[in-house]
Amino acid sequence: MRSPDLLRHAWAVASKDLLVELRSRTAILSVATFVVLVLMVFNFGRDPTAVSNVDLAPSILWVTFTFAAILALNRAFQIELENQALDGLLLAPIDRGSIYLGKLIANLIFVATIEVIGLPLIALFFNVRVLLAPLVLVIALATVGFVAVGTLFSAMTVRTRFAELLLPVLLLPFMILPLRWAALATGLLLAGRPLSEVHGWLNMLAVYDVVFVVLAILLFPATVNE
Amino acid sequence: MKLLRVGHVINLIALLLLAGIYLRALAYTPVEASQGLAQKIFYLHVPAAIWAETAMIFVGLASVFYLFTKDPRLDRFAASSAEVGTIFCAIVLTTGPIWGKPIWGTWWSWDARLTFTLFLFLLYVGYLLLRNAVPDPGARARFAAVLGICGMCEVPFIHLSVYMFPTLHPMPIVLQPGRPKLPGSMLTTWLLSLGVFTLFYVGFVLQRYGISDLREQTEANG
Amino acid sequence: MLRAEGLSHRYGAIRALDDVSFSVQPGQTLAVFGPNGAGKTTLLKVLAGLIQSQRGSAVVEGGRRAIGWIGHQPQLYAQLTVRENLRFWASLYDVHPPSDLIARLGLEAHVDRPVRALSRGLVQRVAIARALVHDPTVLLLDEPFTGLDRVAAEALSRLIGQHAAAGRASVLVTHNVEEGTGLATDVAFMRAGRFVHFAPRAGRGAAQVAEEYRNAIA
């Protein structure tokens, strides 16, 4: 496995995915709408006198991003299924890892777009200062973790009957820990605590990310090879 | 057939031993000072919890070996271990509240250990659901192996998290660095119970494995 | 160019491949005829490296880089244009699409149209172009004439002929004996995972081969 080839092919797969997505136009719009709707539900569903915004914001943030991400994750392999192109990818003289990495990169860009849309909206609707650099780092680390596992699982669930239901059921147990750490860190940061109190959670997130990205790259071939 | 019968026998023995242990636990082992009679559930709850987690490790190991060797027996063992692990999780999740209610005053709390046993349970359920959703046996075994390995790798993170969160849960007194803090007769009862649960694990897995083996054979012949 | 030895593969109780051995030399086009379920697609997938055969080995000179696959799946992204599709697939082989490929298949006018806007016949031709974009030396064809319109079918036959004339190898599987015979230099019949006949065509016509096939498979 030569690194430059691996990355180059991964980028070819990723850019192809993004181009297809751009031409489809539906996915990003539906998810953006979904984000706004969820935030509205949160707004009308809460009692502003009972819990302060700063206390509630981490939960709102993470629930919104989690569910939007799961909607997005299904599409990665759906594209190959619709166009019956997966065999073509497997026939090509590229490392299987390139396919996974390409899908991962495309998914990350997609979910990042959702977060870029969602964060300012959360800041606006709930009047919390979320546009902080350390917070962005926390969000990025947690996102990498669950998108890495989600991309791997979606390769398996895409051909099953209740794919949209099965993927969240399989994925959520793996999201709980990074979400817990991220939510704790988010809460601390929103309350204005310094970065030093948060770096333990950041370390945990980083370790989790490394373990599961490596694991996913190693396990991905088993999901497509016969 | 043979495996099934051996499994039955082992389970029967284990059941008898369990009854014996409870007799010992209730009649001969001292009542714990602060928790009272409810603490007796500890002999059931903790060994079940240990095996619930260990079963997941076995699922993961069997999955790793399956991916290298493609031997269907390893896949069948992984599936059996997962089913037994699910049952043990269910035992922990039901005995936990029964133990906790008299002491904590509430049936459920989002205490770290209970929460994570719940997640272990969800990991198992996800594994079984995935197996159910894939009709092709080759793909099913491969996908289950992938999920099983991910589940096994999740367990250390779950374990670590338990030590990081403040909890109502009693801190580990047996599996902790240093000597176990239990007085003699309690420790013996606990060890006996652990032995019984080990027998249960082996017995149930053998039974489950035997059944799926039989099913494979009838399908091949029929 | 291509060699298979002792290929055996089972799906549960079904034997898809049962000790299959053969080789294909440059310039040869092997047509494998067999009923559905005989194992033809499995054989091609093993040759292509998509399936790892449980026993035996299959070696194609040049590996996956040298293989071109034409089957019923177009393997094209509907939302992308013809040019974008060809460029993407070529990039996976680290090449650029050959400049004459589009002309050879009469696609000049449609190069910048998205594939979903094309008629079925055109899509079929783009699919053929996709398979040839990296100039493969071994062609594997899985029921390639299924559902092709006349223009596409003729283009495909012409291409297979050119491929063989250029000293390259093809393996074509189909259950339609009439269509495959004309292109073949060698003929094989497959039943229940085994080759029950394997010989050069030696001037036999489609009718004759069809007759022998019916006798062998019945």
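Residues numbered from 1 in each chain as written. Chains lettered and ligands numbered in written order. Predicted model: local features only at pLDDT ≥ 70, side-chain atom pairs only at ≥ 80, totals over all residues.

1. Describing the overall build of chain A
We apply this condition: The numbering of helices and of strands both runs from the N terminus, where a helix is a DSSP run of H or I of at least 4 residues and a strand a run of E of at least 2. Computation of the radius of gyration draws on C-alpha atoms, with the globule rule given as 2.2 Å multiplied by the number of residues to the power 0.38. Partly exposed residues are those whose C-beta has more than 12 but fewer than 20 other C-beta atoms within 10 Å; with 20 or more the residue is buried, with 12 or fewer it is exposed, and the C-beta atoms are placed from the backbone. Note on contacts: residues are paired as contacts if their backbone-placed C-beta atoms lie within 7 Å.
Across its full length, chain A holds eight helices and zero strands. Written out in order from the N terminus, the α and β elements of chain A read α-α-α-α-α-α-α-α. Against the compact-globule benchmark of 17 Å for 226 residues, chain A has a radius of gyration of 18 Å, which places it among compact chains. For chain A, the C-alpha atoms occupy an extent of roughly 60 × 35 × 25 Å along the three principal directions. Burial statistics for chain A: of 226 residues in total, 46% are counted as buried. Look at the contacts in chain A between residues 6 or more apart in sequence, and 84% of them connect residues 24 or more apart.

2. Brief notes about the overall build of chain B
Helix and strand content of chain B: six helices and zero strands. Helices and strands appear in chain B in the N-to-C order α-α-α-α-α-α. Looking at chain B as a whole, 40% of its 222 residues qualify as buried. Counting only contacts in chain B whose residues sit at least 6 apart along the sequence, the fraction spanning at least 24 positions is 80%.

3. Section: the interface of chain C and chain A
We apply this condition: Gly is placed with the polar residues, together with every amino acid not listed as nonpolar (Ala, Val, Leu, Ile, Met, Phe, Trp, Tyr, Cys and Pro) or charged (Asp, Glu, Lys and Arg).
At the junction of the two partners, chain C supplies 22 residues and chain A supplies 19 residues. Looking at the side of chain C that touches chain A, the elements with two or more residues in it are β5 (67-70) and α2 (82-92) of chain C. Residue contributions to the side of chain C that touches chain A peak at five residues, all from α2 of chain C. Residue composition of the side of chain C that touches chain A, grouped by class: 13 nonpolar, six polar and three charged.

4. A few points about the pairing of strand β1 (residues 2-11) of chain C
All names here are of chain C. Condition: Note on pairing: DSSP must find at least two bridges between two strands before they are called paired.
Relative to strand β2 (residues 14-24), β1 is paired through eight bridges, and the arrangement is antiparallel. Bridge assignment links histidine 9 to a residue of β2, and that residue is leucine 17. Sheet topology places β1 next to strand β4 (residues 55-60); five bridges connect them, and they run antiparallel. Considered in β4, the bridge of glutamate 5 is made with serine 57.

5. A word on the pairing of β5 of chain C
All names here are of chain C. Every second residue of β5 is oriented toward a common face, with Ile67 and Trp69 on one face and Gly68 and Ile70 on the other, all of them buried. Strand direction decides the pairing type here: β5 and strand β6 (residues 138-142), joined by four bridges, are parallel. Following the sheet pairing, glycine 68 is matched in β6 by leucine 139.

6. Thoughts on helix α1 (residues 40-48) of chain C
Residue and element names in this part refer to chain C. Most of α1 is tucked away: eight of the nine residues are buried. For α1, the full list of buried residues reads Lys40, Thr42, Leu43, Leu44, Lys45, Val46, Leu47 and Ala48. In the stretch just after α1, glycine 49 is the one whose phi turns positive, near 90°.

7. Observations regarding the packing of helix α6 (residues 133-157) of chain A against helix α8 (residues 199-224) of chain A
Residues and elements named next belong to chain A. This is how the line gets drawn: Fitting a line to C-alpha atoms yields each axis, with helices limited to the stretch in contact; the angle taken between N-to-C directions then spans 0 to 180 degrees. For classification purposes, angles smaller than 35 degrees are called roughly parallel, those larger than 145 roughly antiparallel, those between 65 and 115 roughly perpendicular, and all remaining angles oblique. The handedness criterion is simple: a crossing whose near helix is rotated anticlockwise from the far helix by less than a right angle is left-handed, and one whose near helix is rotated clockwise is right-handed.
Relative orientation of the contacting elements α6 and α8 amounts to 20°, with a least axis distance of 9 Å. Taken together, α6 and α8 sit at an angle that is classed as roughly parallel. Considering only the axes of α6 and α8, their crossing is left-handed. When α6 is examined against α8, the residues Leu137, Val138, Leu141, Ala142, Val144, Gly145, Ala148, Val149, Thr151, Leu152, Ala155 and Met156 are found in contact with a partner set consisting of Leu202, Leu205, Ala206, Tyr208, Asp209, Phe212, Val213, Ala216, Leu219, Phe220, Thr223 and Val224. Residues belonging to the contact of α6 with α8 are distributed by class as follows: 20 nonpolar, three polar and one charged.

8. Some points on the sheet that holds β4 of chain C
All names here are of chain C. With respect to topology, three strands assemble into an open sheet ordered β2-β1-β4, the strand pairing being antiparallel. The outermost strands of the open sheet, each flanked by one partner alone, are β2 and β4. Geometrically, the sheet is characterised by an average inter-axis angle of 20° between neighbouring strands, direction not taken into account.

9. Re the confidence of the model for chain B
Residue and element names in this part refer to chain B. The following threshold applies: Per-residue confidence from the predictor is given as pLDDT, running between 0 and 100.
Averaged over chain B, the pLDDT score is 80; the fraction of residues at 70 or greater is 78%. By mean pLDDT, helix α1 (residues 2-28) is the weakest element of chain B at 74, and helix α5 (residues 137-162) is the strongest at 90. Listed scores for the predicted complex are pTM 0.87 and ipTM 0.89.

10. Describing the confidence of the model for chain A
Across chain A, pLDDT averages 87, with 98% of residues at or above 70. Element-level mean pLDDT values for chain A span from 82 in helix α2 (residues 26-45) of chain A up to 93 in α8 of chain A.

11. Side note on the sheet that holds strand β7 (residues 169-174) of chain C
Residues and elements named next belong to chain C. Strand order in this open sheet of six strands is β5-β6-β7-β3-β8-β9, and the pairing throughout is mixed. If you trace the sheet from one side to the other, it starts and ends with β5 and β9 (194-200), each paired once. Looking at each pair of strands side by side, their axes are set apart by 15° on average, direction ignored. The pairing of strand β8 (residues 186-191) with β9 spans six bridges and is classified as antiparallel. Looking across to β9, one finds that phenylalanine 189 is bridged to histidine 197. Packed onto the sheet, helix α7 (residues 206-217) meets β3 (29-33), β8 and β9 and runs at close to 25° relative to β8.

12. Observations regarding the packing of helix α7 (residues 163-190) of chain A against α8 of chain A
All names here are of chain A. Following both chains from N to C, one finds α7 and α8 inclined at 155°, their axes separated by 9 Å at the closest point. For the element pair α7 / α8, the angle class is roughly antiparallel. As for the relative orientation of α7 and α8, their crossing is left-handed in sense. The residues of α8 that touch α7, namely those facing Leu177, Pro178, Trp181, Ala182, Leu184 and Ala185, are Trp201, Leu202, Met204, Leu205 and Tyr208. For the contact of α7 with α8, a count of residues per class yields eleven nonpolar, no polar and no charged.

13. Observations regarding helix α3 (residues 53-83) of chain A
In plain terms, the rule: Here, expected helix span is obtained from the residue count minus one, scaled by 1.5 Å.
Helix length check: α3 of chain A (31 residues) gives 45 Å between terminal C-alpha atoms against 45 Å at 1.5 Å per residue, within 8%. One or two positions beyond α3 of chain A, positive phi appears at glutamine 84 of chain A, with a value near 50°.

14. Points about unusual backbone geometry
All names here are of chain C. A positive phi angle, near 55°, is found at glutamine 75, a position not held by glycine. Take glutamine 75: it is sitting in the loop between β5 and α2. A residue is classified by how many C-beta atoms lie within 10 Å of it, and glutamine 75, with 21 of them, is buried.

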